[in-house]
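So the chains spell out like this:
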Amino acid sequence: MVNKPVKWLRILPTFLLAIFLTSQTAFAHDVYESIENSEAKAFGNRVCMNKDCVKLAAMFIQDRNDKVNPCEDFPAHICGNFKVNNNDPSYHTEGALILHRKLRRMIKSPPVPNEKPWYNLVRTFYKKCIDTASDIYPGLRVLLDEIGRWPALTAGTNVWTEFHESFEEYIANIHRKYRLYFFFKTIVVNVPVNETTKMNVIYILPAPMELNSSHLNDLSNHGSHFNPKPDSDLFDAELFETLTFHKANNALYDRNSASRQFHGPLSHYKEEFPNFDFAKYFTRLFDGIAPFDPETIVAFESAEYFRQFHKLLRPEYKRKVANYAGISVLQHLFDLRITKINKRIQTREANCFYLMYDDLLVYPISQMYVEKHVDRDVVQKVKEMVKLVKEELRESLETACWLDDKTRARALFKVDKMADSVGYPENLFNDTYVEENWNIVSDMRHHKGI
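The name an unreviewed UniProt entry assigns to the chain is Peptidase_M13_N domain-containing protein, from the organism Panagrellus redivivus.

As structure tokens, then:
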């Protein structure tokens with residue numbers, strides 16, 4: 001979605017595990033603490049022997065399967081015993097547990113003078129997220145009202161008033177507010193045109209929602225909290241009707257034809273998709289964020305879906321669409337989807353942390369964490385280590401006798417194009433970016449002591 005933070009933040013637990021778990025204490029003293037070893041010619045006959053290097057080396061040796069010939073199955077040779085030795089907990093689970101312990105201490109710590117205001121936002125969100133006693137439903141109903149209400153709550157009455165904006169604007173509003181994949185998802189990617197130029201490309205992909213009878217049962221149980229006197233039978237009937245609508249939407253998506261069948265300026269798509277005005281959708285989606293240019297390159301995956309899904313957007317279907325939107329938003333807010341966190345740490349607190357660092361408050365909480373726990377020198381040393389690894393890989397490929405020239409050239413090309421993400425993005429501490437994206441004014445004179 002637009003303004004989605006860079007990808008490294010989605011793998012924050014892995015980043016922490018890879019760098020801090022294995023390197024934090026090592027860099028407290030000389031990371032290059034080593035012994036003389038003539039077999040390590042490529043490294044100046046020096047071998048790292050501090051505690052963390054030995055621990056990490058032992059980890060790799062333990063997970064390796066020496067019975068597999070690396071020339072026949074290299075991944076199995078390197079990681080063949082990983083599942084045997086690391087079924088539960090896994091590296092990622094342990095990394096997440098360590099991360100959560102640090103986050104808990106950090107968030108529960110009292111504010112300090114001159115602290116950035118979004119740090120207090122992190123604390124406030126955490127407290128409200130884990131508070132099971134508070135009544136969240138009034139706030140959720142306000143959010144539903146902002147997208148045109150949830151009609152099912154008014155089943156059997158004439159209270160609900162259908163939205164007057166176009167379907168294009170209605171869908172764009174939901175995408176803007178929740179970064180929610182409602183009907184489809186929109187991704188903006190900055191792709192290289194040549195060595196010096198990049199351009200923005202918009203990718204549009206169908207996004208079938210996960211919805212079944214068990215989800216409807218959960219939502220039915222929540223219904224009375226939103227409306228103390230609902231007609232439960234009619235409410236459930238509307239939920240079931242929404243499930244039918246959902247199945248009709250999914251039926252339009254043929255996974256076998258899912259490919260980027262079209263790409264080009266959006267102005268070329270008016271004839272291709274005449275029943276849905278994507279220009280109007282983009283104009284609303286990017287309003288106040290970035291100017292929309294009709295000549296922007298757009299790539300559609302599964303174009304057949306976009307030729308057909310307008311059939312669900314008939315004027316007489318506005319109530320069905322609004323119910324579908326309400327359920328989509330509540331699924332997002334209640335996190336009814338299967339959590340991505342390992343079952344071992346599948347707790348309310350873990351979900352709250354996950355929502356913060358993976359989605360809602362990724363920059364504020366990452367700033368807060370890096371300032372508290374990260375030694376900037378560590379990041380620079382790890383970058384140097386990655387650079388040395390890539391150089392060594394390139395040298396080994398250049399001299400490998402088992403590669404033919406064509407394969408060697410392709411391998412070297414991949415090494416040259418290999419990107420690495422170490423530490424945190426350069427704009428993590430761009431306070432202007434944080435202010436604009438989280439709508440917070442950082443006049444520190446007014447925030448002392450919060």
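The secondary structure content of the chain amounts to 18 helices and 6 strands. For the chain, with 450 residues in total, the buried portion stands at 40%. Restricting the contact set of the chain to residue pairs at least 6 apart, pairs at least 24 apart contribute 73%. Within the structure as shown, the chain displays about 25,900 Å² of accessible surface, and the carbon and sulfur contribution to it stands at 53%.

Right, let's get into the packing of helix α8 (residues 167-178) against helix α11 (residues 278-285). Interhelical geometry of α8 versus α11 gives an angle of 35 degrees and a closest axis separation of 8 Å. In the crossing of α8 with α11, the sense of the turn from one axis to the other is right-handed. Judged by residue contacts, Glu 168, Glu 169, Ile 171, Ala 172, Asn 173, His 175 and Arg 176 of α8 engage Lys 280, Tyr 281, Arg 284 and Leu 285 from α11.

Right, let's get into the pattern of salt bridges. Any two side chains of opposite charge can pair, so long as their charged atoms come close to each other. Using the criterion set out here, one finds 13 salt bridges in the structure. With its nearest N and O atoms 2.7 Å apart, the salt bridge here joins Arg 123 to Glu 115. Here Arg 123 and Glu 115 have matching classes, each one buried. Where Lys 387 meets Glu 391, a salt bridge forms, and the shortest distance between an N and an O atom there is 2.6 Å. Highlighted residues: Lys 387 and Glu 391, both in helix α16 (residues 376-399), separated by 4 residues, approximately one helical turn. Among the charged side chains, a network of salt bridges with common partners joins Lys 116, Glu 371 and Asp 431.

Turning to the side chain of Ser 328, a few remarks are in order. Looking at where Ser 328 falls in the secondary structure, it is placed in helix α13 (residues 318-334). Non-local contacts of Ser 328, meaning those with residues more than four positions away in its chain, are made with Leu 180, Phe 182 and Met 209.

So, about the packing of aromatic side chains. In this description, a pair of aromatic rings is defined by centroid distance and the angle of the planes. If you walk through the whole model with that rule in mind, you get 33 aromatic pairs. Ring geometry for Phe 184 versus Tyr 281: centroids 5.1 Å apart, planes at 65 degrees, classification edge-to-face. Taken together, the residues span a long stretch of sequence, with Phe 184 in strand β3 (residues 184-192) and Tyr 281 in helix α11 at a distance of 97 residues. For Lys 177, the ring lying beneath its charged end belongs to Tyr 178, and the centroid distance is 5.7 Å. If you follow Lys 320 out to its NZ or CZ, it ends over the ring of Tyr 317, 4.4 Å from the centre.

This brings us to the state of the cysteines. Counted under the stated rule, the structure contains 1 disulfide. With its sulfur 2.0 Å from that of its partner, Cys 129 forms a disulfide with Cys 352. Residues Cys 129 and Cys 352 share a disulfide whose torsion about the S-S bond is about -90 degrees; that sign makes it left-handed. You can see Cys 129 sitting in helix α6 (residues 117-130) and its partner Cys 352 sitting in helix α14 (residues 348-360), a full 223 residues away along the chain. No disulfide involves Cys 71; its nearest neighbouring cysteine sulfur is the one of Cys 401, lying 9.3 Å away. With relative accessibility at 75%, the residue Cys 401 sits in the exposed group.

Rules used throughout
- Residues numbered from 1 in each chain as written.
- Predicted model: local features only at pLDDT ≥ 70, side-chain atom pairs only at ≥ 80, totals over all residues.
- Heavy atoms only, no water.
- Helix = DSSP H or I, 4+ residues; strand = E, 2+ residues; numbered from the N terminus.
- Buried < 20%, exposed > 50% of the residue type's maximum accessible area, 1.4 Å probe, protein only.
- Contact = heavy atoms within 4.5 Å.
- Areas by Shrake-Rupley, 256 points an atom, 1.4 Å probe, with all protein chains shown as cover.
- Axes fitted to C-alpha atoms, helices over the stretch in contact; angles between N-to-C directions.
- Left-handed = near helix turned anticlockwise from the far one by under 90°.
- Salt bridge = Lys/Arg side-chain N within 4 Å of Asp/Glu carboxyl O.
- Phe/Tyr/Trp six-rings, centres within 6.5 Å; stacked < 30°, edge-to-face > 60°.
- Lys NZ or Arg CZ within 6 Å of the ring centre and 35° of its normal.
- Disulfide = S-S within 2.5 Å.

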